[in-house]
Amino acid sequence: MKLLRLTAAGALLVLASCSTTTEAITQKPYAPSDGIRVHLDSDVVFENLMILSDGSGEGILYGSINNRGGDDVRAVIVSDALDESFAVDAGSSINLGTLADIEDGNLVTVRGDFVPGTNVRSTVSAGGAESAAAIPVISACSPDYVDAFPDAECD
């Protein structure tokens, strides 16, 4: 009986040591979405950035830009297919590709030599910081996005 208790205590110590040597994955920031997350050195975070496309060389930019700082910033996304600038007030966010944008026709259109499954190499910047970003091109014909790109030509 004493041997069983010692074995159980030893197993418990071994298992407990696993949590001290391995970081919990969920404590690290990540993008639980189809788009990418870019956290600049400043207080600006680009979330869920993606381009929805039906493969015609045209797409729509989706995602959000969050300004966690105390100053207004100008957020910029530049690539061969895109050159857009957005004013983001201090402590606020802007969403790209919302239902209101679709209804009002205020979508950010992206044109270039890309198809779903590729990335558009871009530079994002705000607040004096910048970073390279590979914005994924996602199929607008996917059941998750078919309603988000009203002009997509899907079979």
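For the structure, check the block above.
Reference entry: report on the structure contained in this document. (Residues numbered from 1 in each chain as written. Predicted model: local features only at pLDDT ≥ 70, side-chain atom pairs only at ≥ 80, totals over all residues. Heavy atoms only, no water.)

1. Some remarks on the overall build of the protein
Item 1. Scanning the protein from N- to C-terminus turns up two helices and nine strands.
Item 2. Looking at the protein residue by residue over its 155 residues, the buried ones come to 36%.
Item 3. In the protein, of all internal contacts separated by at least 6 residues, the share reaching a separation of at least 24 is 53%. (Helix = DSSP H or I, 4+ residues; strand = E, 2+ residues; numbered from the N terminus. Buried < 20%, exposed > 50% of the residue type's maximum accessible area, 1.4 Å probe, protein only. Contact = heavy atoms within 4.5 Å.)

2. Some points on the state of the cysteines
Item 1. Per the stated rule, a full pass over the model turns up one disulfide.
Item 2. There is a disulfide in this structure between cysteine 141 and cysteine 154, and the S-S distance comes to 2.1 Å. Between cysteine 141 and cysteine 154 the disulfide shows an S-S torsion of about -85°. By sign, it is left-handed. Within this pair, whereas cysteine 141 is found in the segment after strand E9 (129-139), its partner cysteine 154 is found in the segment after E9, the two being separated by 13 residues in sequence.
Item 3. Judged by relative accessible area, which is 30%, cysteine 141 ranks as partly exposed. (Disulfide = S-S within 2.5 Å.)

3. Notes on unusual backbone geometry
Item 1. The phi dihedral of asparagine 48 falls on the positive side, at around 50°, and the residue is not glycine.
Item 2. Among the secondary structure elements, asparagine 48 is positioned in strand E2 (residues 44-53).

4. Side note on the pattern of salt bridges
Item 1. For the coordinates displayed, the defined rule picks out three salt bridges.
Item 2. Glutamate 47 serves as the salt-bridge partner of arginine 68, at 3.7 Å between the closest nitrogen and oxygen. Pair noted here: arginine 68 is in the loop between strand E3 (58-67) and strand E4 (73-79) and glutamate 47 is in strand E2, with a separation of 21 residues, a long-range link.
Item 3. Classification of arginine 68 as exposed rests on a relative accessible area of 52%.
Item 4. One salt bridge connects arginine 111 with glutamate 58, and the closest N-O pair in it is separated by 3.3 Å. Separated by 53 residues along the polypeptide, arginine 111 in strand E7 (residues 109-111) and glutamate 58 in strand E3 bring together distant segments of the chain.
Item 5. By relative accessible area, which is 52% here, arginine 111 ends up exposed. (Salt bridge = Lys/Arg side-chain N within 4 Å of Asp/Glu carboxyl O.)

5. What to know about the environment of glutamate 47
Item 1. Taking the C-alpha atoms as reference, glutamate 47 lies 9.3 Å from asparagine 95; in sequence the two are 48 residues apart.
Item 2. Other than its neighbours up to four places away in sequence, glutamate 47 contacts Ile36, Arg37, Gly63, Ser64, Asn66 and Arg68.

6. Brief notes about the pairing of E3
In the case of a regular strand, side chains alternate between the two sheet surfaces.
Item 1. Within E3, nine of the 10 residues are buried, which leaves it mostly tucked inside the rest of the structure.
Item 2. One ladder, built from three bridges, connects E3 with E7; its direction is antiparallel. Bridge pairing links isoleucine 60 to threonine 109 in E7. (Pairing = 2+ DSSP bridges.)

7. Side note on the side chain of asparagine 67
Item 1. In this structure, asparagine 67 sits in strand E3.
Item 2. A distance of 3.3 Å separates a polar atom in the side chain of asparagine 67 from the backbone oxygen of aspartate 89.
Item 3. Not counting residues within four places of it along the chain, the set of residues in contact with asparagine 67 comprises Asp43, Val44, Asp72, Val73, Val88, Asp89, Ala90, Gly91 and Ser92. (Polar contact = N/O pair within 3.5 Å; in protein donor to acceptor, adjacent residues only side chain to side chain.)

8. Brief notes about the pairing of strand E1 (residues 36-39)
Item 1. As paired elements, E1 and E2 share three bridges and run antiparallel to each other. Among the inter-strand pairings, valine 38 is bridged to a residue of E2, identified as phenylalanine 46.

9. Quick word on the nonpolar core
Item 1. Of all hydrophobic cores here, the largest spans 26 residues; its most connected members are Phe46, Leu61 and Ile77.
Item 2. Looking at this core, the elements with two or more residues in it are E2, E3, E4, strand E5 (83-88), strand E8 (119-126) and E9.
Item 3. Once residues within four sequence positions are removed from consideration, leucine 61 is found in contact with Leu49, Met50, Ile51, Ile77, Leu82, Phe86, Leu96, Gly97, Val108 and Val110.
Item 4. Counting residues in each nonpolar core, the second largest holds 11 residues, with Tyr62, Leu107, Phe149 and Ala152 among its members. (Core = buried A, V, L, I, M, F, W, Y, C linked by side-chain atoms within 4.5 Å.)

Worth remembering: the numbers are spatial, not functional.
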